[in-house]
Amino acid sequence: MDLNEKIKILSDSAKYDVSCSSSGSSRKNKKGGIGNAAPSGICHSWTPDGRCISLLKILLTNYCIYDCKYCVNRVSNDIPRAAFTPDELVNLTINFYRRNYIEGLFLSSAVCVSPDHTMEMLLKSVKRLREEFNFNGYIHVKAIPGASNVLIEETGKYVDRMSVNIELPSGESLKLLAPQKTKESIIKPMGLIKSGIIQNREEKLKFKSAPQFVPGGQSTQLIVGATKDDDLKILKLSESLYNSYKLKRVYYSAYVPVSNHPNLPAIIKPPLLREHRLYQADWLLRFYGFNSGELLNEENPNFDELLDPKSGWAIRNLDTFPVEVNKADYYTLLRVPGIGVKSAQRIVQGRRVSMLDFDDLKKLGIVLKRAKYFITCKGRYFPQKSIPTNPVSIKNRLLLEDNIRDHENVEQLSLFSLFPDIMAAELHMSRITGVL
Amino acid sequence: MPCYIYDGSFDGLLTAIYDAYYNKDFPEQIVSRDNFIDNFLITKVYIQTDEEKSKKVHDAILQKISRHAMSGIMYAYLSEHENAGIYILEYLRFGFKTGRIVDSYLADDRVNNINRLVTKVTREKHLLSGIIRFRLLQNNIYYAPIEPQYNTTCLLGKHFAERMSDQIFVIHDVKRSYGVFYDKNKWFMSDISIKEDIVFHENELFYQELWKHYFDYTTIKSRINPKLQSNHMPKRYWKYLIEMK
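Source: prediction; values computed, not measured.

Q: Can you explain the interface of chain A and chain B? Please cite residues and give values.
A: At the junction of the two partners, chain A supplies 57 residues and chain B supplies 52 residues. Taking both sides of the interface into account, the surface hidden between chain A and chain B amounts to around 4900 Å²; carbon and sulfur atoms contribute 56%. Its salt-bridge partner being E204(B), residue R99(A) comes within 2.8 Å of it at the nearest N-O pair. Counting across the chain A and chain B interface gives 30 residue pairs in polar contact (both at pLDDT 80 or more). Listing elements by their share of the side of chain A that touches chain B, those giving two or more residues are α1 (3-12), β1 (45-46), β3 (55-59), α2 (86-98), α8 (272-287), α12 (341-350) and α13 (358-363) of chain A.

Structural data, given as structure tokens:
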């Protein structure tokens, strides 16, 4: 089989893994070596689906002994199979890297022969890249559930990031769709990598020259929409992964139908908007000081697809608003819809030298579309006729403004499909005059 | 009000700043020779580039404002914006008055104008560090042609010299006819005019094909979203991208 054919098969099977980040590691190049890691991560291209290519994301092989219903590579699926030799893989990586096509390698694999055998093959490949080719670019490797501790720990010494995919957010879902995997077999390697990272950090304090162990941290992935698990369950899981397993990232992947097994839902379009809302909530957990209980609860276990999670939270908690931009502390500013980490930092920096007004905020690059309903400057609301202060009208305004930006999607909004004529007329006006 | 015309170099620009500052002059424009458009209402002042004056301005910025301010005006200069010269002068006047804290005046136009240019240049530099594509030539040189919107090629030398430390490469700014060279020891800049044809190494097209294949197969067809793609990677950069041909 020629290399083109192999790339086709093995990248096709790997692409549903969403993780692509190359950040978090600052591995330096060595003398006479090739490559280094950029702490910010670098994207090298964007495919027509709008996702970035940073790493060469590929499987070592797609021969699999498992039969997970949601997966393209399941043993019962009739697809072409292929496997790279370590030489082919290493050559490909180096040649792509030298041409600046990629930032490094993301190597994964189907479970071939046994978990230990597969892990050994992965280890062999990355070891060859690092030791024989003196390659110091970014490497992300999958830890195979069920592989022995020694192999996983050894691999950790050569790579920048490791991940174990949980895929299904609950034990019941696993039983239904991936009967050969258990919760324990997934959680075990995660715990192992976590303690490896902590131990390495302590060693680094004592000996500066201690070898690195997974300096880019570990990540995982959850599939959204293949099972009945609600957003609350997924978010709670992410929260505990961040807190107790110290994960760097949890990725969410809208379920793309790759099989029509009776245990799977029949869906035509992947639930992209739901995936997007989960990512927004994930950011709120990691950088905005929210916890999952504030965003969702037993009565409302799923996100409103029309409204972002932070706006949703703010509307439910209007008693904490409006916030005075010139006085509120950083963490309070972060909770204002429309104000992100960068905006909050700029506000804190800018108000050191002068009181800020709405015009100043615009110059700081702060978008007021959402924020204006929740803030005051020098004690005053945004100078616009009738800024609403009750939850229902704020919500309607936010939805309306979203919709004007995106007027092709008018039908998606139930609010407007109730009054199609009025809406059509108003939108027509706004297109002519440019104002609402 | 006069219009200052300098030779286009960074030293020339700093000399213009020096002259304006010490002559207590308020020029209407500070432009490079190449961008100057004459008309009979303009009083022209030609700036003689003077390295001593330029160094004095440079040292004064480091001493009285900050290193951050120095790299800020450098980036603003590289943006080649028509008003960059005058923005820099206004910013420095303000900076010499306020000192180190000048960059906290985010809402002040004098600071904001510079920051906007810095953001543009920084973004392009980061984007380019990902999307330049080397082609291996017959003589074992890795060659990457680009046409950046801003003059960011010179900012790429350090990054690639550290990363590709064992390969000889040239990053060629086709629009501005100069390039960054690296010879396995150090990197430097030089003018480029290519006379002979560019001949690829025998393996080059093989890897280009593989890359194009990879690019196609890694796309998820049920999530196609070309607008998102060109938001991240504007079409003006596609000309030299192997996968977009």
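Q: Describe unusual backbone geometry, with residues and values.
A: All names here are of chain A. Each neighbour pair has its own omega, and for F321 with P322 the value is -5°, a cis peptide bond. For P322, the location among the structural elements is in the loop between α10 (309-316) and β9 (323-324). Although it is not a glycine, V113 sits at a positive phi angle of roughly 65°. Tracing the sequence through the fold places V113 in the loop between β4 (104-108) and α3 (115-131). The residue E167 is not glycine, and still its phi comes out positive at about 60°.

Q: Got a sec to walk through the layout of surface pockets? Specific residues and values, please.
A: Here the second largest pocket defines a volume of roughly 580 Å³. When grouped by side-chain class, the residues that make up the lining of the second largest pocket number 8 nonpolar, 10 polar and 6 charged.

Q: An account of the domain arrangement of chain B is requested, with residue identities and associated values reported.
A: Residues and elements named next belong to chain B. Segmentation of chain B into domains returns domain 1 (2-123) and domain 2 (132-244). Taking only C-alpha atoms, the centre of domain 1 and the centre of domain 2 are 32 Å apart. With 6 residues of domain 1 at the contact, the number on the domain 2 side is 7 residues. Interface area, domain 1 with domain 2, both sides summed: about 590 Å², of which 62% is carbon and sulfur. Scanning the region where domain 1 abuts domain 2 turns up 1 salt bridge. Its salt-bridge partner being E80, residue R176 comes within 3.0 Å of it at the nearest N-O pair. Where domain 1 meets domain 2, there are 2 residue pairs in polar contact (both at pLDDT 80 or more). Counting only elements with at least two residues in the side of domain 1 that touches domain 2, the list comes to α3 (67-78) and α5 (109-131). For the side of domain 1 that touches domain 2, the residue count by class is 3 nonpolar, 1 polar and 2 charged.

Cut-off values and rules
- Residues numbered from 1 in each chain as written.
- Chains lettered and ligands numbered in written order.
- Predicted model: local features only at pLDDT ≥ 70, side-chain atom pairs only at ≥ 80, totals over all residues.
- Heavy atoms only, no water.
- Contact = heavy atoms within 4.5 Å.
- Buried area = accessible area lost by both parts, 1.4 Å probe.
- Salt bridge = Lys/Arg side-chain N within 4 Å of Asp/Glu carboxyl O.
- Polar contact = N/O pair within 3.5 Å; in protein donor to acceptor, adjacent residues only side chain to side chain.
- Helix = DSSP H or I, 4+ residues; strand = E, 2+ residues; numbered from the N terminus.
- 1 Å grid on protein atoms, 1.4 Å probe; cavity = no way out; pocket = protein on both sides within 12 Å on 5 of 7 lines; lining within 4 Å.
- Points joined across faces, edges and corners; volume = space filled by probe spheres on them.
- Nonpolar A, V, L, I, M, F, W, Y, C, P; charged D, E, K, R; others polar.
- Domains from an automatic or database assignment.

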